[in-house]
Amino acid sequence: MKKNFLKRIAAAGCVATMAAGLLSGCGSGEKNANGDDVVELVWYQVGDTQKDSQMVIDKVNEYITDKIGVKLKVNYVGWGDYNQKMQVIINTGDKWDMCFTCSWANDYLQNVTKGAFLELDDLLQNEGKGVYEAVDERFWEAAKVDGKIYGVPSEKEIGSSPMWVFTKEYVDKYNIPYQDIHTLEDLEPWLEVIKKNEPDVVPLYLTKEYTAPTYFDKIQDPVGVEFGDDSMTVQSVFNTEKMQSTLKTMRKYYKAGYINKDAATTADDKSVKRFVTKGDGQPYAELIWGKDLGYEVVASEIMETQITNASARGAMTAINKNSEHPEKAMELINLINTDQYLRNLLNYGIEGVHWDKVPVDEAEMAAAEGKPYIYDCKVKLNEEKRKDYSVPYWVQGGLFSTYVLDNEPIDKWATFKEFNDEAEEAPTFGFDFDLSPVSTQVAGFRNILDEFGKALYTGSVEPSEYIPQMEKKFEATGIKDVINEMQKQIDDWKASK
């Protein structure tokens with residue numbers, strides 16, 4: 001990714017939505033206007049329940065019942081409960097047809113490995129042909145496990161692009177050259193300025209979800225390969241010189257009072273005044289962050305964008321291997337990703353209730369002429385109703401057929417496409433680790449990371465004291481076995497390419 005390109009744009013985040021339910025995939029006994037039987041499909045999505053969710057789904061069903069003979073039931077599961085809830089649903093054989101899955105929630109690879117998801121290759125050549133042809137082929141490459149596809153990617157940003165996110169008020173006040181700030185060390189003089197002059201502001205605001213910049217593909221956290229290492233030497237991220245240096249710097253900043261003292265245990269509190277924090281990047285996300293925080297922010301990239309399996313699997317929809325109506329499920333997924341009316345209905349809610357179309361400035365439209373994904377209107381959200389329906393739209397499908405908001409550039413999705421085209425593939429892109437030979441060892445990693453990781457990443461403890469303690473626990477759990485097994489698999493994968 002080119003630095004000049006990212007200086008024009010910024011970083012990531014999208015939030016919000018939904019709840020839960022049961023049952024699935026049976027004929028509803030209804031017939032549509034064409035005389036066809038209507039089947040009900042159950043779709044599990046991550047997010048918090050919205051007041052108007054059912055109103056919107058009722059409107060969706062009015063459309064899709066006649067269009068493809070499908071009635072949709074969406075079961076929403078809260079963010080904190082989704083992983084555990086979906087594992088129970090999958091393991092106990094409850095009826096469902098589609099679910100949200102990805103690299104970070106309802107683990108895609110894990111579910112494929114245990115046979116929960118349906119192989120989709122044939123369906124994608126028939127009922128899913130439209131979405132298959134529309135989505136960047138690198139998303140499909142990432143969706144493959146042992147050469148087969150088990151999930152439909154939501155086309156969005158494809159790479160991992162961590163960024164520093166600065167409060168614009170302080171950038172302007174102290175004339176801070178934020179576009180030249182990339183490394184953790186680059187922050188130091190400006191953290192000092194804020195600490196000295198703004199006593200009510202946290203210079204570097206961190207939470208328990210923060211991970212220090214790693215420059216590393218954690219294939220099975222904490223084991224993986226450093227970005228740029230074409231030899232693909234497998235190691236623990238905590239054993240790399242770069243991470244050890246980073247953790248020392250984090251500790252230095254914590255002791256200097258630049259980092260909030262509760263960083264290792266706190267969730268994000270948007271009322272906290274902060275100078276800079278870290279976000280996961282995509283074009284124009286500073287607009288989303290600013291809206292979420294209630295004030296303007298600006299952002300700079302920490303490192304070059306890297307495409308990994310994890311980043312390209314950031315949002316997907318899978319079909320239950322035991323679905324009674326897999327063809328209809330794929331037909332629905334295809335329609336959502338190719339029908340602009342349906343896609344925007346799911347994304348923003350009901351036109352005239354939750355949002356209205358507004359015209360695009362003629363000069364802006366003229367400037368965007370010839371670019372892809374340009375539409376002749378924008379969306380103005382109804383301020384009174386937006387809180388009643390605000391969903392994580394990447395859960396439902398691709399982004400590039402959605403209208404942009406009235407405060408966003410008309411060529412937003414063209415810029416996303418450019419961002420994706422310029423992103424570089426990590427050396428490990430396309431490699432999946434079969435952890436079955438070392439599953440017992442890997443099972444112990446999470447508790448160790450929870451015990452040490454948050455404190456180390458936020459600078460809350462002394463690295464020279466805590467890294468050796470952590471390494472002893474990893475060694476006792478069998479991390480060397482995991483490293484050796486992963487190295488063997490990577491070497492075999494490289495030889496087969």
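In this numbering scheme, every chain counts its residues from 1 along its sequence in written order. Residues qualify for local features only when their pLDDT is at least 70, as the model is predicted, and side-chain atom pairs are given and counted only at 80 or more; totals for whole chains, interfaces and linings, by contrast, use all residues. Only hydrogens and water are removed before side-chain values are computed, so all heavy atoms of the structure are retained for them.

1. Side note on the overall build of the chain
Next up, step 1: Strands are runs of DSSP state E lasting at least 2 residues, helices are runs of H or I lasting at least 4, and numbering of each runs from the N terminus. Along the chain, the regular secondary structure elements total 20 helices and 19 strands.
Next up, step 2: The atom set for the radius of gyration is the C-alpha atoms, and the globule formula is 2.2 Å times the number of residues raised to the power 0.38. The C-alpha radius of gyration of the chain comes to 23 Å, within 12% of the 23 Å expected for a compact globule of 497 residues.
Next up, step 3: Dimensions of the chain, computed from C-alpha atoms along their principal axes, come out at roughly 70 × 55 × 40 Å.
Next up, step 4: Each residue is placed in one exposure class: buried if its accessible area under a 1.4 Å probe, protein chains only, is under 20% of its type's maximum, exposed if it is over 50%, and partly exposed if it falls in between. Buried positions account for 56% of the 497 residues belonging to the chain.
Next up, step 5: When checking whether two residues touch, look at their non-hydrogen atoms; a contact exists if any pair is within 4.5 Å. If you take every contact in the chain between residues at least 6 apart in sequence, the share linking residues at least 24 apart comes to 78%.

2. Structural notes on the nonpolar core
Next up, step 1: Among buried residues, the Ala, Val, Leu, Ile, Met, Phe, Trp, Tyr and Cys ones that are joined through side-chain atoms within 4.5 Å form a nonpolar core. With 85 residues, the main nonpolar core has Y44, I64, Y82, F117, I319 and L332 as its most contacted residues.
Next up, step 2: Each residue touching L332, except ones within four places of it in the same chain, is listed here: L41, I64, I68, V70, L72 and M98.

3. Focus on the packing of helix α18 (residues 445-457) against helix α19 (residues 463-477)
Next up, step 1: What counts as an axis is a line fitted to C-alpha atoms, over the stretch in contact for a helix, and the angles between N-to-C directions run from 0 to 180 degrees. The interhelical angle for the contact between α18 and α19, taken along N-to-C directions, is 170°, at an axis separation of 10 Å. Here α19 runs roughly antiparallel to α18, going by the angle between their axes. Here F445, I448, L449, E451, F452 and L456 of α18 come into contact with α19, specifically with P463, Y466, I467, Q469, M470, K473, F474 and T477.
Next up, step 2: Note on residue categories: nonpolar means Ala, Val, Leu, Ile, Met, Phe, Trp, Tyr, Cys or Pro, charged means Asp, Glu, Lys or Arg, and polar means any other residue, Gly included. Tallied by class, the residues present in the contact of α18 with α19 amount to 10 nonpolar, 2 polar and 2 charged. If an angle is under 35 degrees, it is roughly parallel; if it is over 145, roughly antiparallel; if it lies from 65 to 115, roughly perpendicular; otherwise it is oblique.

4. Things to note about the UniProt feature "domain: DUF3502" (unreviewed entry) in the chain
Next up, step 1: UniProt positions are given in the numbering used here, feature names are shortened, and annotations may be inferred rather than shown by experiment. The positions UniProt marks with the feature "domain: DUF3502" (unreviewed entry) are residues 427-495.
Next up, step 2: Within the segment residues 427-495, helix and strand shares are 72% and 0% respectively, and the terminal C-alpha atoms sit 13 Å apart.

5. Examining the pairing of strand β11 (residues 223-226)
Next up, step 1: A pair of strands is labelled paired if DSSP reports no fewer than 2 bridges between them. By the bridge criterion, 3 bridges tie strand β10 (residues 216-220) to β11 in an arrangement that is antiparallel. Note that in β11 the partner of D217 across the bridge is V225.
Next up, step 2: The hairpin formed by β10 and β11 contains 2 residues between the paired strands.
Next up, step 3: Bridge count between β11 and strand β12 (residues 235-236): 2 bridges; the pairing is antiparallel. The residue bridging G224 from the neighbouring strand is Q235, located in β12.

6. Some details on the pattern of salt bridges
Next up, step 1: Each salt bridge in this description consists of a side-chain nitrogen of Lys or Arg and a carboxyl oxygen of Asp or Glu lying within 4 Å of one another. Within the structure shown, the criterion is met by 32 salt bridges.
Next up, step 2: Across the pair K380 and D406 runs a salt bridge, and its minimum N-O distance is 3.7 Å. With K380 in strand β18 (residues 377-381) and D406 in the loop between β18 and α16 (412-422), this pair connects stretches of sequence that are 26 residues apart.
Next up, step 3: Here K380 falls in the partly exposed class, since its relative accessible area comes to 44%.
Next up, step 4: Since its relative accessible area comes to 37%, D406 is described here as partly exposed.
Next up, step 5: One salt bridge connects D388 with K385, and the closest N-O pair in it is separated by 3.3 Å.
Next up, step 6: The network of salt bridges with common partners includes D136, R138, K417 and D421.

7. Observations concerning the sheet that holds β11
Next up, step 1: Overall, antiparallel pairing links the 3 strands, which are arranged β10-β11-β12 in an open sheet. Either end of the sheet is taken by a strand with one partner, and the two such strands are β10 and β12.
Next up, step 2: Against the sheet, helix α20 (residues 479-496) contacts β10, β11 and β12, and its axis sits at roughly 50° relative to β11.

8. Overview of the pairing of strand β2 (residues 37-46)
Next up, step 1: Along β2, 8 of the 10 residues are buried, which leaves the element largely enclosed by surrounding structure.
Next up, step 2: Pairing geometry for β2 and strand β4 (residues 98-101), over 2 bridges, is parallel. Looking at the pairing, W43 lines up with M98 of β4.

9. Examining the environment of E362
Next up, step 1: Looking at the secondary structure, you find E362 in helix α15 (residues 362-367).
Next up, step 2: Note: C-alpha distance between E362 and D376 (14 residues apart in sequence) is 9.8 Å.

10. Digging into the sheet that holds strand β13 (residues 274-280)
Next up, step 1: Across the sheet, 4 strands lie side by side as β9-β13-β8-β14; this open sheet has mixed pairing. For this open sheet the edge positions go to β9 (202-204) and β14 (297-301), each flanked by a neighbour on one side alone. For this sheet the average axis-to-axis angle between neighbouring strands, irrespective of direction, equals 30°.
Next up, step 2: The sheet contact formed by strand β8 (residues 162-167) and β13 spans 5 bridges and is antiparallel. Within the sheet, the bridge partner assigned to V165 lies in β13 and is T277.

11. Regarding the packing of aromatic side chains
Next up, step 1: Aromatic pairs are defined between Phe, Tyr and Trp rings, using the six-membered ring for Trp, whenever the two ring centres lie within 6.5 Å; interplanar angles under 30 degrees are classed as stacked, those over 60 as edge-to-face, and all others as tilted. Under the defined criterion, the tally for this structure stands at 23 aromatic pairs.
Next up, step 2: Both rings, one in F400 and one in F416, keep their centres 6.4 Å apart while their planes meet at 75°; by these two values the pair is edge-to-face. Residue F400 is located in the loop between β18 and α16, and its partner F416 is located in helix α16; the two are separated by 16 residues in the primary sequence.
Next up, step 3: When its relative accessible area of 4% is taken as the criterion, F400 is described as buried.
Next up, step 4: Following the ring pairs from residue to residue traces out a cluster consisting of W79, Y82, F100, W104 and W394.
Next up, step 5: Lying across the ring of Y215, K242 places its NZ or CZ 4.8 Å from the centre.
Next up, step 6: Either the NZ atom of lysine or the CZ atom of arginine qualifies as a charge over a ring when it sits within 6 Å of the ring centre and within 35 degrees of the ring normal. Above the ring of Y254, the side-chain terminus of K261 is found at 4.4 Å from the ring centroid.

12. Some remarks on helix α3 (residues 82-92)
Next up, step 1: Taken residue by residue, α3 has Y82, M86, Q87, I89 and I90 as its buried positions. Taken end-on, α3 shows its buried residues confined to a sector of 165°, consistent with a single buried face. Set apart from the buried face of α3 by more than 90 degrees, the exposed residues are Q84, N91 and T92.
Next up, step 2: In this structure, the buried side of α3 is in contact with β2, β3 (70-77), β4 and α4 (108-113).
Next up, step 3: Positioned one or two residues after α3, G93 has a phi angle of 80°, which is positive. Arc, as used here, means the arc of the directions from the helix axis to the C-beta atoms.

13. Details of the side chain of K378
Next up, step 1: In this structure, K378 sits in strand β18.
Next up, step 2: K378 sits in the buried class, given a relative accessible area of 6%.
Next up, step 3: At 3.1 Å, the side chain of K378 forms a polar contact with the side chain of E364.
Next up, step 4: Only 2.6 Å separates the side chain of K378 from the backbone oxygen of E408, close enough to count as a polar contact. Polar contact is defined as a pair of N or O atoms within 3.5 Å, subject to the rule that within protein one atom must be able to donate a hydrogen and the other to accept it, and that residues adjacent in sequence are counted only when both atoms are side-chain atoms.

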